[in-house]
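Structural characterization, general
Residue strings, one per chain:
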Amino acid sequence: MKKLALLGALALSVFSLVSLADEKPLKIGIEAAYPPFASKAPDGSIVGFDYDIGNALCEEMKVKCTWVEQEFDGLIPALKVRKIDAILSSMSITDDRKKSVDFTGKYYLTPARLVMKAGNTVSDSLVELKGKKIGVQRGSIHDRFAKEVLGAQGATIVPYGTQNEIYLDVAAGRLDGTVADATLLEDGFLKTDAGKGYAFVGPSFIDPKYFGDGIGIAVRKGDKANLDRLNAAILAIRANGKYKEIQDKYFNFDIYGPEAK
């Protein structure tokens, strides 16, 4: 009887621990410096497409989520040391990043573009960039692209901690331009007072070698439980109309992009 009681107590203890684990909030890492995807409202709260999508996914999964702000290049290290459980911060799905994290399917897809003073002409060959100083966010998917592709044409690539710092130096004339996500550049710079007189130049950049297969949510390697439930939640909000409701709040086009073939 004592053994049965002990086994029962152990089983109850294990059940309690599992239940407690289930009740732990999902910690989501984000950098709130990329309007309209994520930025700070005047009251200090986070707003944006990424933030709304994350909250919709948490609601669909019926799990409490907490948001952890982090500079972009610190997000994967924070995930690895378990400071966060997922990254939902406009992170491109690339083969290089897949070595460090696991990704859900995409939740949106937009091209990269180059912004410079209006009137500049940049051809597909990019030879016009020789001698130009181009700002790029350190640790972003555009960082490697800029160094390998734009740098190969003679551009000087200047890395920054945040895209907002880049905007300041572009507007001040300390940089000739910047390369980043097209939607980010349009809403975060071109539509602002600081961006007046600037425009998209050159081609759209979509090479999967650099820009991967769209934007996904990253989880720790082998974290199949969170990966599966996040993937299921993405499909669910796409099907029930919640995704479109959030999309239409920020964009007047289909940001999800083409369905996978």
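Preceding this section is the structure that the text describes.
Okay, so let's go over this structure. Residue numbers here run from 1 along each chain, matching the order of that chain's written sequence. Only residues with pLDDT of at least 70 are given local features in this predicted model, and only at 80 or more are side-chain atom pairs given and counted; all residues enter the totals for whole chains, interfaces and linings. Hydrogens and water molecules were not included; the side-chain quantities draw on all heavy atoms of the structure.

1. Quick word on the overall build of the protein
- Helix and strand content of the protein: ten helices and twelve strands.
- We call a residue buried when its accessible area falls under 20% of the maximum for its residue type, exposed when it is over 50%, and partly exposed in between, using a 1.4 Å probe and counting protein chains only. Among the 261 residues that make up the protein, the fraction classed as buried is 48%.
- Any two residues having at least one pair of non-hydrogen atoms within 4.5 Å are treated as being in contact. In the protein, 70% of the contacts between residues at least 6 apart in sequence involve partners at least 24 apart.
- Think of it this way: Lys and Arg go in the positive column, Asp and Glu in the negative one, and His and the chain ends go nowhere. By convention, charge coordinates are those of NZ in Lys, CZ in Arg, CG in Asp, or CD in Glu. Once the 35 positive and 34 negative side-chain charges of the protein are each reduced to a mean point, those two points are 5 Å apart. Helical segments are the DSSP runs of H or I of at least four residues, strand segments are the runs of E of at least two, and each set is numbered from the N terminus.

2. Considerations on the pattern of salt bridges
- The term salt bridge refers to a pairing of a side-chain nitrogen on Lys or Arg with a carboxyl oxygen on Asp or Glu at a separation within 4 Å. Here the structure, examined in full by the defined rule, presents 14 salt bridges.
- Taking the shortest distance from any N to any O, the salt bridge between Lys-99 and Asp-96 comes out at 3.8 Å.
- Relative accessible area serves as the criterion here: at 66%, Lys-99 is assigned to the exposed category.
- Between Glu-148 and Arg-144 there is a salt bridge, and its shortest N-O distance comes to 3.2 Å. Placement of both Glu-148 and Arg-144 in helix 5 (residues 141-150) is noted, with a separation of four residues, approximately one turn of the helix.

3. Some thoughts on the packing of helix 2 (residues 49-61) against helix 9 (residues 224-239)
- Where helices are involved, their axes are fitted lines through C-alpha atoms of the stretch in contact, as for all axes, and angles between N-to-C directions lie from 0 to 180°. Running from N to C, helix 2 and helix 9 cross one another at 105°; their axes reach a closest spacing of 9 Å. The angle between the axes of helix 2 and helix 9 places the two elements in the roughly perpendicular class. Seen from helix 2, the contacting residues are Ile-53, Ala-56, Leu-57, Glu-60 and Met-61; seen from helix 9, they are Arg-229, Leu-230, Ala-233, Ile-234, Ala-236 and Ile-237.
- Gly is placed with the polar residues, together with every amino acid not listed as nonpolar (Ala, Val, Leu, Ile, Met, Phe, Trp, Tyr, Cys and Pro) or charged (Asp, Glu, Lys and Arg). Taken together, the residues of the contact of helix 2 with helix 9 sort by class into nine nonpolar, no polar and two charged. Here roughly perpendicular refers to angles of 65 to 115 degrees, roughly parallel to angles under 35, roughly antiparallel to angles over 145, and oblique to all remaining angles.

4. Side note on the pairing of strand 9 (residues 156-160)
- Two strands are counted as paired when DSSP detects at least two bridges linking them. Pairing of strand 8 (residues 133-137) with strand 9, which is carried by five bridges, proceeds in the parallel orientation. Among the inter-strand pairings, Gln-137 is bridged to a residue of strand 9, identified as Tyr-160.
- When the strands point away from the viewer and the connection leading from the first strand across the helix to the second strand turns clockwise, the crossover is called right-handed. With helix 5 bridging strand 8 and its parallel neighbour strand 9, the resulting β-α-β unit is right-handed.

5. Topic: the side chain of Lys-106
- Among the structural elements, Lys-106 can be located in the loop between strand 6 (101-103) and strand 7 (112-117).
- Contacts of Lys-106, omitting those with residues within four sequence positions, involve Ile-93, Asp-213, Gly-214, Ile-215, Gly-216, Ile-234, Tyr-256, Gly-257 and Pro-258.

6. Regarding the state of the cysteines
- The disulfide definition used here is simple: a pair of cysteine sulfur atoms within 2.5 Å. A full pass over the atoms with the stated rule returns one disulfide.
- Residue pairing for Cys-58: its cysteine sulfur links by disulfide to Cys-65, the two sulfurs lying 1.8 Å apart. The sign of the -95° torsion about the S-S bond sets the Cys-58-Cys-65 disulfide as left-handed.
- Residue classification places Cys-65 among the buried positions, given a relative accessible area of 16%.

7. Re the environment of Glu-128
- On the secondary structure map, Glu-128 appears in the loop between strand 7 and strand 8.
- For the pair Glu-128 and Ala-155, spaced 27 residues apart in sequence, the C-alpha to C-alpha distance is 8.9 Å.
- Excluding residues that lie within four positions of it along the chain, Glu-128 makes contacts with Thr-121, Val-122 and Ser-123.
- Contacts described as polar in this section are N or O atom pairs within 3.5 Å, which, within protein, must combine one atom able to donate a hydrogen with one able to accept it, while residues neighboring in sequence count only if both atoms come from side chains. A distance of 3.0 Å separates a polar atom in the side chain of Glu-128 from a polar atom in the side chain of Ser-123.

8. Describing the pairing of strand 1 (residues 26-30)
- Most of strand 1 sits inside the fold, with four of its five residues counted as buried.
- Inspection of the sheet shows strand 1 paired to strand 4 (residues 65-69) by five bridges, in the parallel sense. Across the sheet, Lys-27 pairs through a bridge with Thr-66, a residue of strand 4.
- As defined by bridge partners, strand 1 adjoins strand 5 (residues 86-92) across two bridges and the pair is classed as parallel. In the sheet register, Ile-28 faces strand 5, and the bridge partner there is Ala-86.

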